[in-house]
Amino acid sequence: MWPFSRKDNSRFTWFSTAEEVTAGIDASGLTAIVTGASSGIGTETTRVLALRGAHVVMGVRNVSVGATVKSEILKEIPDAQIDVLELDLASLASVRKFASEFKAMKLPLNILINNAGVMATPFLLSQDGIELQFATNHLGHFLLTDLLLETMKNTSHECNTEGRIVIVSSEGYKFTYREGILFDKINDQSVYNTISAYGQSKLSNILHANELSRRFKEEGVEITANSLHPGSIITNLLRYHSFLDLLHRTIGKLVLKNVQQGAATTCYVALHPKARGVSGRYFCDSNLYEPTAKAKDSDLAKKLWDFSMNLISSHL
């Protein structure tokens, strides 16, 4: 997880870029959704998937910004297949609208990349009255995945291809609350801690992928679900903390990944043949890593699944 981490399962390292880990891979005929695609590693993931021939649907909060990103990618890759749809993960209504609009396009869905996120925000509630980091990083993606599962299952069956769900988590999951997830206090401002709440949402990402994988195996569905740490990257995630953001963007340039490196693990898990059939695992630097026991707790994953289902059902 650092520049000199040893190679474990692939020939790639901390330094590898998204283009390098997908070199020689033909993704033509595949359709992918990337959330948070208008900035940071979401943009680079979109660009590299398009470069390899995939049809990419960008899920973005600001459609005009997304359209600009699409235009820039088309300048480099004139034959890229890219669509832009509005998606605000902090609004369950927006998630439902995005899923409905995607289904109306009658496209297959081979790859779902749940990438969008916020980090270390002050205590805020989403449009649905749910703590913002949990709502954006986990619950919005949980609903999106649930709404698109049937499309992914149909695509996998009809095209005889493996579907892949890639959930961008973070090593920050280790800084969650001592209990792991505060199910009874998700919206309790009195216990809120910006970093712990971020860790809680990122732990939820890992548990979500694990439970998805368990269910797919149980059903005999040819879809994999994995989570990953993209690395510490120069992005705008710390914009709510001006001093930390300044350090992040100055000194951080010496020790942090750039977006080309930051998108590598996402693209590896989404496209690389070596990731075929691998499910319910946690990746970093395009290699398998073992997360903590809490991140592998199957009972906690099931409890989170039920809790999330109840939340989205109560906000129809």
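One structure accompanies this document, and this report is about it. Computed from a predicted model, the values in this text were never measured in an experiment. (Residues numbered from 1 in each chain as written. Predicted model: local features only at pLDDT ≥ 70, side-chain atom pairs only at ≥ 80, totals over all residues. Heavy atoms only, no water.)

A word on the packing of helix α5 (residues 132–159) against helix α10 (residues 298–313). At a minimum axis distance of 10 Å, the contact between α5 and α10 shows a crossing angle of 85°. Put simply, α5 runs roughly perpendicular to α10. Touching Phe-134, His-138, Leu-139, Phe-142, Leu-143 and Asp-146 of α5 are Leu-304, Trp-305, Phe-307, Ser-308, Met-309, Leu-311 and Ile-312, all from α10. Broken down by class, the residue content of the contact of α5 with α10 amounts to 10 nonpolar, 2 polar and 1 charged. (Axes fitted to C-alpha atoms, helices over the stretch in contact; angles between N-to-C directions. Helix = DSSP H or I, 4+ residues; strand = E, 2+ residues; numbered from the N terminus. Parallel < 35°, antiparallel > 145°, perpendicular 65-115°, else oblique. Contact = heavy atoms within 4.5 Å. Nonpolar A, V, L, I, M, F, W, Y, C, P; charged D, E, K, R; others polar.)

So, about the pattern of salt bridges. Under the criterion given, the structure shown has 15 salt bridges. In this structure, the salt-bridge partner of Lys-257 is Asp-285, at a minimum N-O distance of 2.8 Å. Of this pair, Lys-257 sits in the loop between α7 (242–249) and α8 (259–262) while Asp-285 sits in the loop between β7 (282–284) and β8 (287–289); the two residues are 28 residues apart in sequence, bridging distant segments of the chain. When its relative accessible area of 1% is taken as the criterion, Lys-257 is described as buried. (Salt bridge = Lys/Arg side-chain N within 4 Å of Asp/Glu carboxyl O. Buried < 20%, exposed > 50% of the residue type's maximum accessible area, 1.4 Å probe, protein only.)

Quick look at the pairing of strand β5 (residues 163–168) now. Strand residues, when the strand is regular, have side chains that alternate between the two faces of the sheet. Burial runs high along β5: 6 of the 6 residues are buried. Residues Gly-163, Ile-165 and Ile-167 point to one face of β5 and Arg-164, Val-166 and Val-168 to the other, with burial holding for every one of them. Taken together, the 4 bridges between strand β4 (residues 111–114) and β5 define a ladder with parallel strand orientation. Along β5, the bridge assignment pairs Leu-112 with Ile-165. A crossover links β4 with its parallel partner β5, the connecting element being α5, and its sense is right-handed. When β5 meets strand β6 (residues 223–229), the two strands line up parallel, connected through 6 bridges. Across the sheet, residue Arg-164 finds its bridge partner in β6, namely Thr-224. You can see the chain leave β5, run along helix α6 (residues 194–219) and come back into β6, and the turn it takes is right-handed. (Pairing = 2+ DSSP bridges. Right-handed = clockwise from strand over helix to strand, strands pointing away.)

Let's shift gears to the environment of Val-278. As for its placement among the helices and strands, Val-278 is situated in the loop between α9 (264–271) and β7. Remark: the alpha-carbon pair of Val-278 and Asn-226, spanning 52 residues in sequence, is separated by 7.9 Å. With residues up to four places along the chain from it excluded, the contact list for Val-278 reads Thr-224, Asn-226, Phe-283 and Leu-288.

Okay, the packing of aromatic side chains next. The relation between two aromatic rings is expressed through the spacing of the ring centres and the mutual angle of the planes. Inspection of every chain in the model, using the stated rule, returns 8 aromatic pairs. A centroid spacing of 4.9 Å and a plane angle of 75° characterise the contact between Trp-14 and Phe-15, whose relative ring orientation is edge-to-face. Here Trp-14 falls in the buried class, since its relative accessible area comes to 8%. Taking 5.8 Å as the distance between ring centres and 75° as the angle between the ring planes, the aromatic pair formed by Tyr-173 and Tyr-282 counts as edge-to-face. One end of the pair, Tyr-173, is in the loop between β5 and α6; the other, Tyr-282, is in strand β7, and 109 residues separate them in sequence. (Phe/Tyr/Trp six-rings, centres within 6.5 Å; stacked < 30°, edge-to-face > 60°.)

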